[in-house]
Amino acid sequence: MMTSNATQDTEHFDVIVIGAGPAGNAAALITARAGLKVLLLERGEYPGAKNVSGGVFYGSRILHELIPNWWEQAPVERYICRRDIALMSATTAVSLDFRSTATGYADPPYNGFSVLRPKFDRWFAAQAEASGAFLLNSCVVDDVLRENGRVVGVKVRRELGEVRGNVVIACDGSNSFMAKKAGLQREFDGHEIALGVKEVLGLDEHLIRERFQLSGNEGMAFEYLGAITENVHGGGFLYTNRDSLSVGVIGQISSLVEHKKRPYELLEQFKAHPAVAPLVRGATLREYSAHTIPEMGWHMRPKLYADGMLVAGDAAAFCFNSGLYLEGMNYAMQSGLAAGETAIEACRQGDFSKGTLSRYEHYLKQRHVSEDFQRFRFAPPFVNGERLQNLYPDFVAHAAENLFRVDGNRKQKILPLAMKSVRRFRIRPHHLLRDFYHAARAYLW
Amino acid sequence: MTTHEEKMRTARFKVDDKPHIVVDAGICKDCAVRACVYVCPANLFVPLDDGGILFNYEQCFECGTCYIACNQEGAIQWSYPTGGFGVTYRES
């Protein structure tokens, strides 16, 4: 066994992973496979008990490399081969509807799956356990344990009090107390974090297939932007599970406060929208849940390592909110794997200093995590901008209403029609130009 | 359409004796914004007639929104419930 000199102490681990979500489970799995002595700490009754996600896990291939044909044994819901991104006003929705059976979408390893986290995370943690990691549920970590400025373990709210380890990997989610306690992360501002509220709605399997035009185990992901959240910056989503729907609304916290909106009321409004109501009709509420989402990615990432410690997943703000791509679990997994690889190398060298752990940056790059976040760093502020949130979706919906309306008056060509909408919504040309530039910088080059 | 009470009934809570969130009513009395009252997805903050805030930690989702939204330094002391306690999701 490749390990440090302290294994005679039973409380000493090579690696301590905090949080059994996608990041923590991936880190625990890969380090345990390398023969290290790994402790995986989870504060819930079981992994996933505290976790909420919209529910699409993109990046099936990443997990496939780790656990071949994982979808055959994991509790997945449906593979996502249909996506719909909609801009909405109070009465109208204009959407881009994507559906494909091209390679990788409707055949293994698939592009993405809808999942329910209490089931999925539990399964994934069991894989880490099977690889040799020791999972301890119902265990809250209150602080990191420090000696001479180095992180040498964690303080847990249990009779054992403290556990020692060579490398602590904090995967404790969007409210990462550990990153803050270690001095790696600051307090957040309300514009950086969004609140997601969600309902899982039970609906008959056959009805789901008919309603969403799916066959077999095909699944669909809807994302909505615009009037559904009134003036609140955010959006809505609807994902198909096997025999249920995941339906939710996401709102930037500062903007919820500013407009004094109650999130669950926005959710009811969203479900009542003419584009959504027919999709959720007859479905019955199974569970209501809420969770925060780090939305500003690159702009709010912590320092990723300290002496004896690494940060991964949501705790490191590796949650991708770019409008086009809304992804988190895949980056959590990739960063968890990168942190695991770093820990393995540190154990091999017997050196857990910041200098050695800085290899994490290299592994993150290799797994395209930091690269993606840096490349799309302009997208989150652009997506959360006032005009994109509250003006353009309404404008597009209104323009489409005019375009398709047949009322006996003479038809107009597109430009004069559009100009009418531009005037009505008081869209300023210099704003439009600036936003085109920001959009292009965010997505094009 | 489901009411907020109906929503809350679907979540399972194992209540810790010790509150994991402590609200300083003295500070809340002087707060004009009262962000917590609106943003809490479990609706656990209730404004009182005397200007204070009534808070119940028992049905908390542990999301952290209240303490991020609160602009009054020290009004909300926030941590997690003891391991195994608090909210447990089965579907989400």
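Thresholds applied
- Residues numbered from 1 in each chain as written.
- Chains lettered and ligands numbered in written order.
- Predicted model: local features only at pLDDT ≥ 70, side-chain atom pairs only at ≥ 80, totals over all residues.
- Heavy atoms only, no water.
- Helix = DSSP H or I, 4+ residues; strand = E, 2+ residues; numbered from the N terminus.
- Rg over C-alpha atoms; globule rule 2.2 N^0.38 Å.
- Contact = heavy atoms within 4.5 Å.
- Salt bridge = Lys/Arg side-chain N within 4 Å of Asp/Glu carboxyl O.
- Buried < 20%, exposed > 50% of the residue type's maximum accessible area, 1.4 Å probe, protein only.
- Phe/Tyr/Trp six-rings, centres within 6.5 Å; stacked < 30°, edge-to-face > 60°.
- Lys NZ or Arg CZ within 6 Å of the ring centre and 35° of its normal.
- Expected span 1.5 Å × (residues − 1).
- Buried area = accessible area lost by both parts, 1.4 Å probe.
- Polar contact = N/O pair within 3.5 Å; in protein donor to acceptor, adjacent residues only side chain to side chain.
- Nonpolar A, V, L, I, M, F, W, Y, C, P; charged D, E, K, R; others polar.
- Pairing = 2+ DSSP bridges.

A. Structural detail: the overall build of chain A. When its secondary structure is counted, chain A shows 18 helices and 19 strands. For a compact globule of 445 residues, the expected C-alpha radius of gyration is about 22 Å, and chain A comes in at 23 Å, within 12% of that figure. With the C-alpha coordinates of chain A rotated into their principal frame, the extents come out at 85 × 50 × 40 Å. Restricting to contacts in chain A with at least 6 residues of sequence separation, those with at least 24 account for 72%.

B. Seen up close, the pattern of salt bridges. Applying the stated criterion to the full structure yields 26 salt bridges over all chains. The salt bridge partner of Glu192 of chain A is Arg186 of chain A, with a shortest N-O separation of 2.6 Å. Assessed through its relative accessible area of 5%, Glu192 of chain A is described here as buried. Exposure remark for Arg186 of chain A: the relative accessible area of 38% places this residue in the partly exposed category. The partner of Glu341 of chain A in a salt bridge is Arg367 of chain A, and the shortest N-O contact between them spans 2.8 Å. Here the residue Glu341 of chain A occupies a position in helix α10 (residues 329–349), and Arg367 of chain A occupies one in the loop between α12 (359–366) and α13 (369–375), the gap between them amounting to 26 residues. Put simply, Glu205, Arg209, Arg242, Asp243 and Arg286 of chain A together with Glu91 of chain B are held in one network by salt bridges that share partners.

C. Layout of the side chain of Ser53 of chain A. Take Ser53 of chain A: it is sitting in the loop between β2 (38–41) and β3 (56–58). Taking the relative accessible area as the measure of exposure, Ser53 of chain A reaches 16% and is therefore buried. Apart from residues lying up to four places away in sequence, Ser53 of chain A is in contact with Arg117, Lys198 and Met329 of chain A together with Ser92 of chain B.

D. Local environment of the packing of aromatic side chains. Residue and element names in this part refer to chain A. The final tally for this structure, using the stated rule, is 36 aromatic pairs over all chains. Taking the centre distance of 5.7 Å and the plane angle of 40° together, the rings of Phe57 and Phe120 count as tilted. Residue Phe57 is found in strand β3, and its partner Phe120 is found in helix α4 (residues 117–130); the two are separated by 63 residues along the sequence. Between the aromatic rings of Phe120 and Trp123, the centroid separation amounts to 5.9 Å while the plane-to-plane angle is 40°, which identifies the pairing as tilted. One end of the pair, Phe120, and the other, Trp123, are both in helix α4, 3 residues apart, so they sit about a helical turn from each other. You can call Phe120 buried: its relative accessible area is 0%. Three or more aromatic residues joined by ring pairs form one cluster here, namely Phe57, Trp70, Trp71, Tyr79, Tyr110, Phe113, Phe120, Trp123 and Phe124. Over the ring of Phe13 we find Lys37, and its NZ or CZ is 4.9 Å from the ring centre. Over the aromatic face of Tyr363 sits the side chain of Arg359, whose NZ or CZ is 5.5 Å from the ring centroid.

E. Layout of the environment of Glu265 of chain A. Residue and element names in this part refer to chain A. For Glu265, the location among the structural elements is in helix α8 (residues 263–272). Among the residues examined, Glu265 registers a relative accessible area of 46% and is labelled partly exposed. Counting along the chain gives 134 residues from Glu265 to Ser131, while the straight-line C-alpha distance between them is 44 Å.

F. Examining α10 of chain A more closely. All names here are of chain A. Its 21 residues place the ends of α10 30 Å apart at the C-alpha level, agreeing with the 30 Å of an ideal helix rising 1.5 Å per residue. The element α10 is largely enclosed, with a buried count of 19 among its 21 residues. Two residues or fewer after α10 comes Gly350, characterised by a positive phi angle close to 65°.

G. Looking closely at the interface of chain B and chain A. Taken together, the contacts link 41 residues of chain B with 50 residues of chain A. Summing both sides of the interface, chain B and chain A together bury roughly 3,900 Å²; the carbon and sulfur share of this comes to 54%. The largest share of the area that chain B buries against chain A comes from Tyr80, Glu91 and Ser92 of chain B, three residues that together contribute 20% of it. Our count for the chain B to chain A interface comes out at 6 salt bridges. Across the pair Glu62 of chain B and Arg43 of chain A runs a salt bridge whose closest N-O atoms are separated by 2.6 Å. Where chain B packs against chain A, one counts 29 residue pairs in polar contact (both at pLDDT 80 or more). Among the secondary structure elements, those contributing two or more residues to the side of chain B that touches chain A are α1 (4–9), β1 (12–14), α3 (35–39), α4 (65–69) and β6 (86–88) of chain B. In terms of residue class, the side of chain B that touches chain A is built from 21 nonpolar, 13 polar and 7 charged.

H. Looking closely at α4 of chain A. The terminal C-alpha atoms of α4 of chain A, which comprises 14 residues, lie 19 Å apart, in line with the 20 Å expected from a rise of 1.5 Å per residue. Inspection of α4 of chain A places Arg117, Pro118, Phe120, Asp121, Trp123, Phe124, Ala125, Gln127 and Ala128 of chain A among the buried residues, and these make up the whole buried set.

I. The arrangement of the pairing of strand β5 (residues 93–99) of chain A in detail. Sheet analysis places strand β4 (residues 76–88) of chain A next to β5 of chain A, joined by 7 bridges and oriented antiparallel. Across the sheet, residue Ala86 of chain A finds its bridge partner in β5 of chain A, namely Ser95 of chain A.

J. Structural view of the environment of Glu287 of chain A. Note that Glu287 of chain A resides in strand β15 (residues 284–294). The class for Glu287 of chain A is buried, based on a relative accessible area of 1%. Put simply, Glu287 of chain A and Ser246 of chain A are 41 residues apart on the chain and 9.6 Å apart in space, counted from C-alpha to C-alpha. The contacts of Glu287 of chain A, once residues within four sequence positions are left out, are Lys198, Glu199 and Val200 of chain A together with Thr10, Thr88, Tyr89, Arg90, Glu91 and Ser92 of chain B. From its side chain, Glu287 of chain A meets the backbone nitrogen of Ser92 of chain B in a polar contact 3.0 Å long.

In short, geometric facts, not functional conclusions.
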